[in-house]
Structures are given as C-alpha cells and as structure tokens.
Amino acid sequence: MYHIDSNGYYGEFGGTHVPETLRETIDALKSQYLDIIESREFQEEYHMLLRDYVGRPSPLYFARRMSEKYGCRLYLKREDLNHTGAHKINNAIGQILLAKRMGKKRIIAETGAGQHGVATATACALMNMPCRIYMGAVDVERQHMNVERMKMLGAEIVAAQSGGKTLQDAVNEALTEWSNHPDDTFYVIGSAVGPHPYPDMVARLQSVISKEIRQQLQEKEGRDYPDFLMACIGGGSNASGTIFHYLDDLRVKLVLGEAGGRGMNSGKTAATINIGTEGILHGSRTLVMQDADGQVVEPYSISAGLDYPGIGPLFAHLARTARATVLSIDDDEALRAAFELTRTEGIIPALESSHALALLPRCKFKPDDVVVLTVSGRGDKDLGTYLAHKDDFSEVDAPAR
Ligand SMILES: *Cc1c(COP(=O)(O)O)cnc(C)c1O
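Summarised in this report is the structure supplied together with it. (Residues numbered from 1 in each chain as written. Predicted model: local features only at pLDDT ≥ 70, side-chain atom pairs only at ≥ 80, totals over all residues. Heavy atoms only, no water.)

1. Brief notes about the pairing of strand β5 (residues 106-111)
Residues in a regular strand project their side chains so that they alternate between the two faces of the sheet.
Move 1: Along β5, six of the six residues are buried, which leaves the element largely enclosed by surrounding structure.
Move 2: On β5, burial covers both faces: Arg 106, Ile 108 and Glu 110 on one face and Ile 107, Ala 109 and Thr 111 on the other are all buried.
Move 3: In this structure, β5 lies alongside strand β8 (residues 185-188), joined through four bridges in parallel fashion. Bridging from a neighbouring strand, Ile 107 pairs with Phe 186 of β8.
Move 4: Pairing of β5 with strand β6 (residues 131-136) involves five bridges; the strand directions are parallel. Residue pairing in the sheet places Ile 107 in a bridge with Cys 131 of β6.
Move 5: Viewed along the sheet, the connection from β5 through helix α5 (residues 115-127) into β6 turns out right-handed. (Buried < 20%, exposed > 50% of the residue type's maximum accessible area, 1.4 Å probe, protein only. Helix = DSSP H or I, 4+ residues; strand = E, 2+ residues; numbered from the N terminus. Pairing = 2+ DSSP bridges. Right-handed = clockwise from strand over helix to strand, strands pointing away.)

Written as structure tokens, this is what we have:
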C-alpha cells in the first residue's frame with residue numbers, strides 16, 4: 001500500500017520526469033534493476049561485501065541511560081560503525097555492482113557535503129571503476145577534507161559553477177553529463193530521490209537496515225517489530241532503509257526528523273515536507289522548497305547532509321497520507337541532542353543523525369515502548385561545528401565532577 005506502484009509512483013508522487021535523451025537509458029534501468037538486484041549472484045556478492053568490507057550487520061545497541069531518560073526501551077541502529085562512517089556505502093556498493101552487471105564502464109555521482117562522493121569513490125576504488133564526482137563549487141571550498149579523500153581514492157572532482165554552486169547544481173550538471181553519455185555511464189544517485197527507479201532502488205539497497213532490525217529485535221525483545229521507528233531525512237535514504245520492511249505494518253509508528261535550520265518559518269531552513277509545495281525536482285514529482293514562480297529556494301541547515309530543497313517521493317507520500325509524522329528539528333535542537341548522546345552513551349553522532357535524536361524529547365512514550373532510532377553516521381566530520389558550539393551546551397548531561 002505504501003510501496004511503489006507499477007508506474008513508479010508513491011500515491012501522487014514520483015514518476016520519471018526526464019528529458020528525451022535519457023528515456024532509453026532510464027527505461028533500460030527500469031526493466032533490469034529488480035531482476036539484477038534480486039538475482040542470487042548479485043545478492044551473494046552484495047552481502048559478502050556488506051559483511052566483510054562494510055562490517056555488517058551493524059549492531060542494534062540497547063541504550064540504557066538514554067532509555068531511562070526518555071522512559072522507553074531505546075535501541076540505536078549503529079550505521080555510524082560502517083566503513084566510511086555512514087549508511088551511504090550500502091547504496092554506493094549496490095549501485096556500482098548493478099552498473100557492472102549492466103556493462104557500464106564509468107561512474108558519475110553528485111555530492112553535497114561529500115559523504116556520498118566519498119562512499120562512491122571508495123566503492124569505485126574497490127571495484128576498479130573510473131569515477132567522476134560533481135560537487136558545487138561552494139561545497140568544494142567548504143568540504144576540503146572530503147575533496148582530498150575522494151582525490152586520494154582516485155576520483156575526479158568537477159566543481160559545478162552554475163546557480164548557487166551547491167548540491168542542486170551538482171545534480172543538474174551530473175544529469176546533463178549523463179544525458180551526453182548515456183550508453184557507457186552509470187549515474188549513482190546518493191539518496192532516495194531522482195527519477196523512478198532510483199527512489200525504489202536506493203530504498204531496496206538500504207533495506208538491509210530494516211531486515212537486520214527485524215532479526216535483531218527478535219533476538220533481543222522476542223518480537224520482530226518496534227513500536228516506534230525514528231530516523232532523519234535529507235532525501236530519505238537512511239529513513240527508507242530503516243522503515244522498508246515495516247511500511248505496511250501499522251503497529252509501527254514512523255517518526256522522522258527533517259532539518260528546520262534556524263526555524264521552518266525563518267527563511268533559513270531545509271524543512272521541505274513542512275513548508276514545501278508540489279513540483280518537479282531532479283526527475284521526480286515531489287514536494288519542493290520553491291517560490292511562487294516555481295524557482296527553487298536555496299535550502300539551509302547546519303547539517304550539510306540535510307541541506308536539500310526536495311525530498312524523496314516516498315516521504316512526500318508518507319507525510320501526505322499521515323503514515324509518518326515528520327517534525328522539523330532546528331539547528332540548536334540537533335546540537336543539543338548531539339551533546340546529550342555523546343555524554344550519556346559515549347557516541348558522537350553525525351549532525352544529520354542528531355536530527356533524529358532530537359525527536360526523542362518531542363515524543364511521549366510508555367515504559368514498555370520499543371523504540372529503534374537509526375544513527376545514520378558518525379560525528380568525526382562535524383567536530384569543527386561541535387567545537388564552535390561547545391560552550392552553549394557545556395551543561396548538557398556532563399558527568400558529575
Ligand atoms: C547524507 C546523510 C544523511 C542524509 O541523507 P538521507 O538520504 O536522507 O539518508 C543522513 N545522515 C548522514 C550521516 C549522511 O551522511
């Protein structure tokens with residue numbers, strides 16, 4: 001009921017809105033992706049790499065002190081422990097395995113903060129595929145360390161000089177490059193966004209997260225479903241993986257956090273679901289942050305990975321049908337949540353993941369409620385931001401001296 005239909009739509013959202021030059025390539029992908037992904041050979045190679053290279057299954061950790069604090073049974077799904085530090089590697093490895101099986105010879109990808117670029121460059125090094133990463137020129141300046149990582153991994157970086165020179169411009173340039181070289185090139189999209197079949201393909205490649213949650217809950221709680229699932233959403237890939245096997249299980253409440261920035265009505269926000277309107281962005285009908293003339297509004301969040309003016313079509317649908325509750329989490333709430341997790345459990349989360357953790361004080365739980373929250377990535381990359389704010393949060397749950 002909440003999964004994709006045969007035309008590539010989630011309710012009224014999704015579809016394949018691409019220029020004629022990409023039709024044939026996308027049609028080929030549409031007709032092959034499910035057969036390849038579900039084949040035994042693909043699954044064997046994919047799961048071998050997830051296990052031995054990425055380090056899966058990621059632990060489902062019972063967070064005792066946080067559970068006491070919030071009056072529930074809180075488990076953290078530890079995607080932060082994956083190789084390269086986040087969930088994005090699950091998708092990058094899967095798409096590049098698919099590209100090889102489709103006979104493609106080179107990989108292109110877009111990246112904002114550089115996390116998807118690093119995951120893609122990593123998987124390309126592993127699988128000996130030439131790799132070109134499109135990145136907004138402003139982001140190339142802001143994300144110096146990730147640019148150097150990608151170069152060390154052997155990727156070529158192209159700085160997008162159009163528009164605001166950020167993520168959405170990088171996506172536009174990558175789509176143009178793909179239109180010019182559709183035959184030999186595979187475009188690895190980094191979130192559950194873009195034209196069909198990408199949102200479904202990415203969700204399936206990330207669905208290993210909810211598959212593991214099911215098994216791990218069965219072992220730890222004696223039942224295979226939680227009462228609440230929580231995640232942050234930028235485009236929606238870690239969230240779609242977290243909820244995939246539970247979409248139609250109405251016993252499970254879905255609570256998601258998007259980036260409110262300085263406040264969703266401040267003009268400095270990336271809270272697309274809360275303030276966006278229907279439109280077409282990057283090949284998909286979805287909710288978009290746009291002005292009255294349909295011009296995309298530049299998004300803002302303290303977290304570079306949530307700084308996107310659109311949203312995966314699945315989430316537009318889940319919000320529209322009220323299957324999921326999507327709350328706008330402001331910068332300062334996310335920062336506070338990061339310091340809280342660090343000092344209660346000894347885990348420094350990514351700023352993106354902190355938007356999921358900040359959902360906890362917004363919810364009412366019963367003591368027996370089982371809550372699973374995905375920590376999508378680790379916070380090493382965000383240390384500079386955390387240091388800049390450490391005095392504001394010096395009292396948050398510091399151990400007694
Ligand atoms: C990129 C990123 C996100 C946001 O992307 P989704 O596709 O919404 O998951 C969240 N967390 C981390 C750690 C990221 O790197």
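2. Re helix α4 (residues 88-101)
Move 1: The first and last C-alpha atoms of α4 sit 20 Å apart over 14 residues, in line with the 20 Å expected at 1.5 Å per residue.
Move 2: By the criterion of burial, α4 is predominantly enclosed, with 12 of the 14 residues buried.
Move 3: Looking only at α4, the buried set comprises Lys 88, Ile 89, Asn 90, Asn 91, Ala 92, Ile 93, Gly 94, Gln 95, Ile 96, Leu 97, Leu 98 and Ala 99.
Move 4: Remark: Gly 103 follows α4 within two positions and exhibits a positive phi of approximately 80°. (Expected span 1.5 Å × (residues − 1).)

3. Side note on the state of the cysteines
Move 1: Under the counting rule described, the total for this entry stands at zero disulfides.
Move 2: Considering cysteine sulfurs only, Cys 131 is the nearest to Cys 124, which forms no disulfide, with 3.9 Å between them. (Disulfide = S-S within 2.5 Å.)

4. Re the site of the ligand
Move 1: Residues in close proximity to the ligand total 18 residues, the closest being Lys 88, Ser 191, Gly 234, Ser 237 and Ser 376.
Move 2: One nitrogen or oxygen atom from the side chain of His 87 is found 2.9 Å from an oxygen atom belonging to the ligand.
Move 3: Contacts to the ligand include Ser 237, whose side-chain N or O atom sits 2.7 Å from an oxygen atom.
Move 4: Looking at side-chain class alone, the shell around the ligand contains five nonpolar, 11 polar and two charged residues. (Near = heavy atom within 4 Å. Polar contact = N/O pair within 3.5 Å; in protein donor to acceptor, adjacent residues only side chain to side chain. Nonpolar A, V, L, I, M, F, W, Y, C, P; charged D, E, K, R; others polar.)

5. Here we look at the side chain of Ser 353
Move 1: Within the element layout of this structure, Ser 353 appears in helix α15 (residues 351-357).
Move 2: If we skip the residues at most four places from it in the chain, Ser 353 touches Cys 232, Val 375, Ser 376 and Gly 377. (Contact = heavy atoms within 4.5 Å.)

6. Looking at the pattern of salt bridges
Move 1: Inspection of every chain in the model, using the stated rule, returns 26 salt bridges.
Move 2: The partner of Glu 45 in a salt bridge is Arg 101, with the nearest N and O atoms 3.0 Å apart. Of this pair, Glu 45 sits in helix α2 (residues 40-54) while Arg 101 sits in helix α4, and the two are 56 residues apart along the sequence.
Move 3: Residue Arg 101 is classed as partly exposed on the basis of its relative accessible area, which comes to 33%.
Move 4: As a salt-bridge pair, Asp 139 and Arg 142 come within 2.6 Å of each other at their nearest N and O atoms. Of this pair, Asp 139 and Arg 142 both sit in helix α6 (residues 137-142), three residues apart, which is roughly one turn of that helix.
Move 5: Residue classification places Asp 139 among the buried positions, given a relative accessible area of 4%.
Move 6: Accessibility expressed as a relative area gives 52% for Arg 142, which makes it exposed.
Move 7: One continuous salt-bridge network, built from bridges that share partners, spans Glu 12, Glu 278, Arg 285 and Arg 320. (Salt bridge = Lys/Arg side-chain N within 4 Å of Asp/Glu carboxyl O.)

7. Overview of α5
Move 1: Given a rise of 1.5 Å per residue, 13 residues ought to cover 18 Å, and the 18 Å separating the end C-alpha atoms of α5 matches this to within 8%.
Move 2: The buried count for α5 comes to 11 of 13 residues, which makes it a mostly enclosed element.
Move 3: Turning to α5, its buried residues are Gln 115, His 116, Gly 117, Val 118, Ala 119, Thr 120, Ala 121, Thr 122, Ala 123, Cys 124 and Met 127.
Move 4: The inward-facing, buried residues of α5 abut α2, α4, β5, β6, α7 (144-152) and β8.
Move 5: Where α5 ends, the next residue or the one after it, Asn 128, has phi of about 55°, a positive value.

8. Quick word on the nonpolar core
Move 1: Judged by nonpolar contacts, the single largest core of 87 residues is most densely connected at Ile 93, Leu 98, Phe 186, Tyr 187, Met 201 and Phe 315.
Move 2: Among the elements that take part in this core, α4 stands out by supplying seven residues, more than any other.
Move 3: In this structure Tyr 187 touches Gln 95, Ile 108, Ala 109, Glu 110, Val 171, Ala 174, Leu 175, Trp 178 and Tyr 198, once residues within four positions along its chain are discounted.
Move 4: Counting residues in each nonpolar core, the second largest holds 29 residues, with Met 66, Phe 228, Ile 329 and Ala 334 among its members. (Core = buried A, V, L, I, M, F, W, Y, C linked by side-chain atoms within 4.5 Å.)

9. Details of unusual backbone geometry
Glycine aside, residues mostly have negative phi, and peptide bonds are mostly found in the trans state.
Move 1: Backbone torsion omega between Arg 56 and Pro 57 reads 0°, so that peptide bond is classified as cis.
Move 2: Tracing the chain through its elements places Pro 57 in the loop between α2 and β3 (60-62).
Move 3: Note the cis peptide between His 196 and Pro 197, where omega equals 15°.
Move 4: Mapped onto the elements, Pro 197 comes out in the loop between β8 and α9 (198-206).
Move 5: Of note, Lys 165 is a non-glycine position whose phi angle comes to about 60°, a positive value.
Move 6: The residue Ala 322 is not glycine, and still its phi comes out positive at about 65°.
Move 7: Positionally, Ala 322 belongs in the loop between α13 (313-320) and β13 (324-330).
Move 8: The class for Ala 322 is exposed, based on a relative accessible area of 61%.

These figures capture arrangement, not role.
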